[in-house]
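Here are the chains, one letter per residue:
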Amino acid sequence: MTRSGSPVSDRGIRSMIGEMPSNSVSSTAAVGVITVSFGSDAVLPGFLASISASSARQLRVIVADNKADDGSISTLVRRAGFDYLPMTGNLGYGAAINAAVATLPAEIEWLVIGNPDITIDTGAIDTLIARAESNPRIALVGPRIVDEAGVIYPSARSIPSLRTGVGHALFANIWPTNPWSSAYHNDRTEMLKARTSGWLSGAFFLARRSAFEQLGGFDEHFFMYFEDVDLGYRMGKAGWLCVYEPAATVVHSGAHSTATDSSAMVREHHLSARKFLMRKYSGWALWPVRVALRAGLWTRLAVVRLRRSRSGPSVH
């Protein structure tokens, strides 16, 4: 089996991801849409308003709230006719998503998971489902993600390896065009065509529920960051495919919930990266690798903090 994210021919890609069906979508209530709020009052209305035009299907929408509610989020969600699910505390992104999935009825086959600072283009969810239905091995489908200026975000990437992971970790912020970061992000032209990918950005993607639940959903040991990398990695190991479908588009306005404590979030990002790589390269024989990875990540953290103190934020 060709591993997800490996280079294959155009014909091979088409055979793996399948041809897009031309028939119209069914109207069955088979889709759950889940987002996680953490003080998301400013951006959540845009997300909720964009949902109805994103699919011709009936959608079950749940907003999981990781922050103590003062009534603003719950009122907003319920007035929109959607489900509000308060968490017992700030459980992290993956844990909140998993909790919401567990409340969905069994007949829901597809999961749409996205950040609250996303707006979904018309028909985007149906386009993602059509792509997933083209091949029963497809577990995750990600759209083209653009910022408010229309710039494409590299949301479909390869799984970090020793070479790309260490090179990207050490040089991304001091040598942006380095070959390791380029390989990790993928060439920008790759973001213009449908293809398989190692992992897809957790900012927004479609998941086949059976595959998502087979793997136990998100690994809740990742509080924030890298839960999407880990999910894509585990999907590939289990024989599922992750596919990027640029015919569907969403707009991402930015990481609003992390803006108030960027220093802590930078540290959390690096801790999660270390956790993922330590697991990927586990075993006693690889302990020198883990030592090198730790050193590289802590070096990068120091560099990022220094650059942020002098200019402005930029992680990933």
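Residues numbered from 1 in each chain as written. Predicted model: local features only at pLDDT ≥ 70, side-chain atom pairs only at ≥ 80, totals over all residues. Heavy atoms only, no water.

K.L.:
For the pairing of strand β3 (residues 83-86), give the residues involved together with the corresponding values.
P.N.:
Judged from the four bridges that link them, strand β2 (residues 59-65) and β3 form a sheet pairing that is parallel. Residue pairing for β3: Val63 is matched across the bridge by Tyr84. (Pairing = 2+ DSSP bridges. Helix = DSSP H or I, 4+ residues; strand = E, 2+ residues; numbered from the N terminus.)

K.L.:
Give a description of the pairing of strand β12 (residues 241-252) that names residues and reports values.
P.N.:
Extensive coverage of β12 is indicated by the burial of 10 of its 12 residues. In the sheet, strand β5 (residues 118-120) pairs with β12 via three bridges, with the strands oriented antiparallel. Note that in β12 the partner of Ile118 across the bridge is His252. As paired elements, strand β6 (residues 138-146) and β12 share eight bridges and run parallel to each other. Its bridge partner lying in β12, Ile145 is registered against Val250. (Buried < 20%, exposed > 50% of the residue type's maximum accessible area, 1.4 Å probe, protein only.)

K.L.:
Talk me through the nonpolar core; I want residue IDs and the actual numbers.
P.N.:
A general trend in soluble globular proteins is that nonpolar side chains are found buried together. Within the largest apolar cluster, 34 residues are counted, with the highest numbers of intra-cluster contacts made by Phe47, Ile120 and Phe204. Counting residues per element, this core draws most heavily on helix α5 (residues 124-133), at five residues. Beyond its immediate chain neighbours, meaning those up to four positions away, Phe204 contacts Phe47, Val112, Ile113, Gly114, Ile118, Ile120, Ile125, Leu128, Gly142, Pro143, Ile145 and Val250. (Core = buried A, V, L, I, M, F, W, Y, C linked by side-chain atoms within 4.5 Å. Contact = heavy atoms within 4.5 Å.)

K.L.:
How would you explain the environment of Tyr84 if you had to name every residue and give the values?
P.N.:
Of note, Tyr84 is situated in strand β3. Through-space distance from the C-alpha of Tyr84 to that of Val63 is 5.1 Å; in sequence the pair is 21 residues apart. Every residue in contact with Tyr84, bar those within four places of it in the chain, is listed here: Val63, Asp65, Asp69, Ile73, Ser74, Val77 and Arg78. Reaching out from Tyr84, the side chain makes a polar contact with the side chain of Asp65 at a distance of 2.8 Å. (Polar contact = N/O pair within 3.5 Å; in protein donor to acceptor, adjacent residues only side chain to side chain.)

K.L.:
Hey, could you go over the confidence of the model for the chain for me, with residue numbers and the actual values?
P.N.:
Parts of the prediction with low pLDDT should not have their coordinates interpreted in detail. The predicted model of the chain has a mean per-residue pLDDT of 80, with 63% of residues at 70 or higher. Within the model, the stretch residues 1-9 combines pLDDT values under 50 with 14 contacts to residues more than four positions away or in other chains. This stretch, residues 255-261, has a pLDDT under 50; its non-local contacts, to residues over four places away or in other chains, come to 11 contacts. (pLDDT = per-residue confidence, 0-100.)

K.L.:
Can you tell me about helix α9 (residues 227-237), naming the residues and giving the values?
P.N.:
Extensive coverage of α9 is indicated by the burial of 10 of its 11 residues. Taken together, the buried positions of α9 are occupied by Glu227, Asp228, Val229, Asp230, Leu231, Gly232, Tyr233, Arg234, Met235 and Gly236. Looking one or two residues past α9, Gly239 carries a phi angle of roughly 95 degrees, positive in sign.

K.L.:
Kindly report on the side chain of Ser201, identifying the contributing residues and their values.
P.N.:
Along the chain, Ser201 turns up in the loop between β10 (199-200) and β11 (204-208). Ser201 has contacts with Ile145, Tyr153, Ser155 and Asp228, leaving out every residue within four places of it along the chain.

K.L.:
Which residues make up the environment of Ser197, and what values go with them?
P.N.:
Along the polypeptide, Ser197 turns up in strand β9 (residues 195-197). For Ser197, a relative accessible area of 1% translates into the label buried. Distance in space between the C-alpha atoms of Ser197 and Arg157 is 5.9 Å, their sequence separation being 40 residues. Among the polar contacts made by the side chain of Ser197, one reaches the main-chain carbonyl oxygen of Trp199 at a distance of 2.9 Å.

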